[in-house]
Each structure stands twice: as structure tokens, then as C-alpha cells.
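A look at the structure
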Amino acid sequence: MANIASARKRIRQTLKRTERNKARKSRVRTFVKKVEEALLAGNKEDAVEALRHAQPELQRACTKGIMHKNTVARKISRLAGKIKNLKTA
């Protein structure tokens, strides 16, 4: 256990940030999962709409330091590619 006041404060800050980051990462996963579910269902319109909502969440994760910018770009690109290759129902 930390004895110095600044170390105790750091522990408190780390716990808050960890919780916040977990929530953000979970939110991103949920949005990506919605896109993937729409793709599996074969519904192009729903997939496009889900990606439109997922994209800002992914970008936000990048700005907040949860995910690397290249990881976000790769995920968006792959999801968009899958939607593009999906046959119109």
C-alpha cells in the first residue's frame, strides 16, 4: 500500500481511468458486434447503418487512447469491405 499522498492519489486516478476505459472499450465492442450481426444476417442496409454509428465510436476510442489509430483504421476498413462485398438482399 502506498504511503505517500501523491502515490495514493495516483492509485485513485488509475482506478477511475481503468473503469472509464473499460466502459469505452465495451461500448466500442458492442457497436462493432452490431455491424457483424447485421453482416451475418445478410442485411446490407442495417449493416451500413450500424457502421455509420460504430465509426464515430471507434474514432473516439482512438482519440481517448483506448485503441491505436491504425487498429481503428483497419477495423473500419475491414467492416466497410465486408459490407461492400455483401450482396444486396
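What comes next is a walk through the structure.

Observations concerning a positive patch on the surface
Taken together, the side chains of Arg8, Lys9, Arg10, Arg12, Lys16, Arg17, Arg20 and Lys64 make up a positively charged region of the molecular surface. The topology assignment puts Arg20 in helix α1 (residues 5–41). Residue Arg20 is classed as partly exposed on the basis of its relative accessible area of 42%.

Remarks on the side chain of Glu57
Within the element layout of this structure, Glu57 appears in helix α2 (residues 44–63). By relative accessible area, Glu57 is classed as buried at 9%. Dropping the residues within four chain positions of it, Glu57 is found in contact with Arg27, Val28 and Phe31.

Rules used throughout
Residues numbered from 1 in each chain as written. Predicted model: local features only at pLDDT ≥ 70, side-chain atom pairs only at ≥ 80, totals over all residues. Heavy atoms only, no water. Patch = residues over 30% accessible without salt bridge, like charges linked within 9 Å, V, L, I, M, F, W, Y side chains within 5 Å. Areas by Shrake-Rupley, 256 points an atom, 1.4 Å probe, with all protein chains shown as cover. Salt bridge = Lys/Arg side-chain N within 4 Å of Asp/Glu carboxyl O. Lys, Arg positive; Asp, Glu negative; His and termini not counted. Charge placed at Lys NZ, Arg CZ, Asp CG, Glu CD. Helix = DSSP H or I, 4+ residues; strand = E, 2+ residues; numbered from the N terminus. Buried < 20%, exposed > 50% of the residue type's maximum accessible area, 1.4 Å probe, protein only. Contact = heavy atoms within 4.5 Å.

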